[in-house]
Amino acid sequence: MITHFETPLLESRALSRRCMKTISLKMEAWQPTGSFKNRGMGYACSIYRERGAERFISSSGGNAGLAVAYAGRKLGVPVVVVVPKTTPERARRLIAREDAEVIVHGDSWNEADAFARSLVHENDAFIHPFDDELLWMGHASMIDEIARSASQPDAIILSVGGGGLLCGVIEGLRRNDWHNVPVIAAETVGADSYAQALKANRVVNLPAISSIATSLGARAVSSAALRAATQHPVESAVVSDAAAVAGCLELLEEHRVVVEPACGASVAALDADLPALQRARNVIVIVCGGVNASVEQLHAWSRTLAVA
Ligand SMILES: *Cc1c(COP(=O)(O)O)cnc(C)c1O
């Protein structure tokens, strides 16, 4: 059963000329539900089904919940997604369109999450948005694809929310013997739970998320993401919301693709002053995607953030 696509590794002439390096884009925005989440969620859900799961439960109103809904539909397993009242109508509609049952519960994600977990019975599988080894195994397939078609890059840039993508990419680099390829972990100011954890050398709980990059808005990263940085070279880049939106607009103009600021942050990180980037000639940016942004919204953010 196909729960994700192979995606192109696109050489960006526009970004390459601007950065004076070869910049290639791994186009995860072209997955069936618009983000890399189809890889991990698809893999995890198929394994849970093999183990006997008769229902999948998620508490993500974002790209993770949408990917679980898609995987459930493809695998013929019913899906329940519990979201808080704050989840936009559009996101609820997209999840419902994948035939998942959407339950609205609570004022915050924590309340929705607690309710979702209370629904989990013996033959259900709870699908975590970022902290599950099976997700990482699935996300890692993007590196397998790159390794089949390209030579070893000098650096890989990706965005970090809870750290599932990061753990998956590092798993992929390890299993392809690309142990020395540094990973640049991009976040926005106000959603920088990974940068703060690296600095403190322990998982840090942000009091609140103040960035528009809501898909990066895990208040704490997984302990596995923190541990990964002790086993693999990782450098952190924290960019402004305005820079992340500018990254989105650059992808829109040059490559005709709409992504969330969560993804634009990785494009913005190309300009970060980091040792791994200064040395690099060949850089891959994981275009992680995200469906919760429209062209109008990107332009509106661009206007308001420039004024601020
Ligand atoms: C989920 C997501 C992220 C963050 O991924 P984590 O695994 O939580 O670190 C980044 N960008 C987009 C578009 C996402 O959907």
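Residues numbered from 1 in each chain as written. Predicted model: local features only at pLDDT ≥ 70, side-chain atom pairs only at ≥ 80, totals over all residues. Heavy atoms only, no water.

Going by an unreviewed UniProt entry, the protein chain carries the name L-serine ammonia-lyase and comes from Dyella choica. Of the comments in the UniProt record for the protein chain, the one headed Catalytic activity (unreviewed entry) reads "L-serine = pyruvate + NH4(+)". Per its UniProt entry, the protein chain bears the Cofactor (unreviewed entry) comment "pyridoxal 5'-phosphate". (UniProt positions renumbered as here; feature names shortened; annotations may be inferred.)

Asks: If you had to explain the domain arrangement of the protein chain to someone new, which residues and values would you point to?
Replies: In terms of domain boundaries, the protein chain breaks down into domain 1 (9-36 + 134-305) and domain 2 (37-132). The gap between the C-alpha centroids of domain 1 and domain 2 is 24 Å. Facing 30 residues of domain 1, the contacting portion of domain 2 comprises 26 residues. Where domain 1 abuts domain 2, roughly 2,200 Å² becomes buried across the two surfaces, and 54% of that area is made up of carbon and sulfur atoms. Broken down residue by residue, the surface that domain 1 buries against domain 2 is led by Thr33, Leu134 and Leu135, which jointly contribute 36%. (Domains from an automatic or database assignment. Contact = heavy atoms within 4.5 Å. Buried area = accessible area lost by both parts, 1.4 Å probe.)

Asks: Break down the site of the ligand for me, with residues and values.
Replies: Around the ligand sit 16 residues in total, of which Lys37, Asn63, Gly161, Gly163 and Leu165 are the nearest. In this structure, an oxygen atom belonging to the ligand sits 2.7 Å away from a side-chain N or O atom of lysine 37. The contact in question runs from an oxygen atom of the ligand to an N or O atom on the side chain of asparagine 63, over 2.9 Å. For the ligand, the protein covers 96% of the area, taking 380 Å² as the surface of the free molecule. (Near = heavy atom within 4 Å. Polar contact = N/O pair within 3.5 Å; in protein donor to acceptor, adjacent residues only side chain to side chain. Areas by Shrake-Rupley, 256 points an atom, 1.4 Å probe, with all protein chains shown as cover.)

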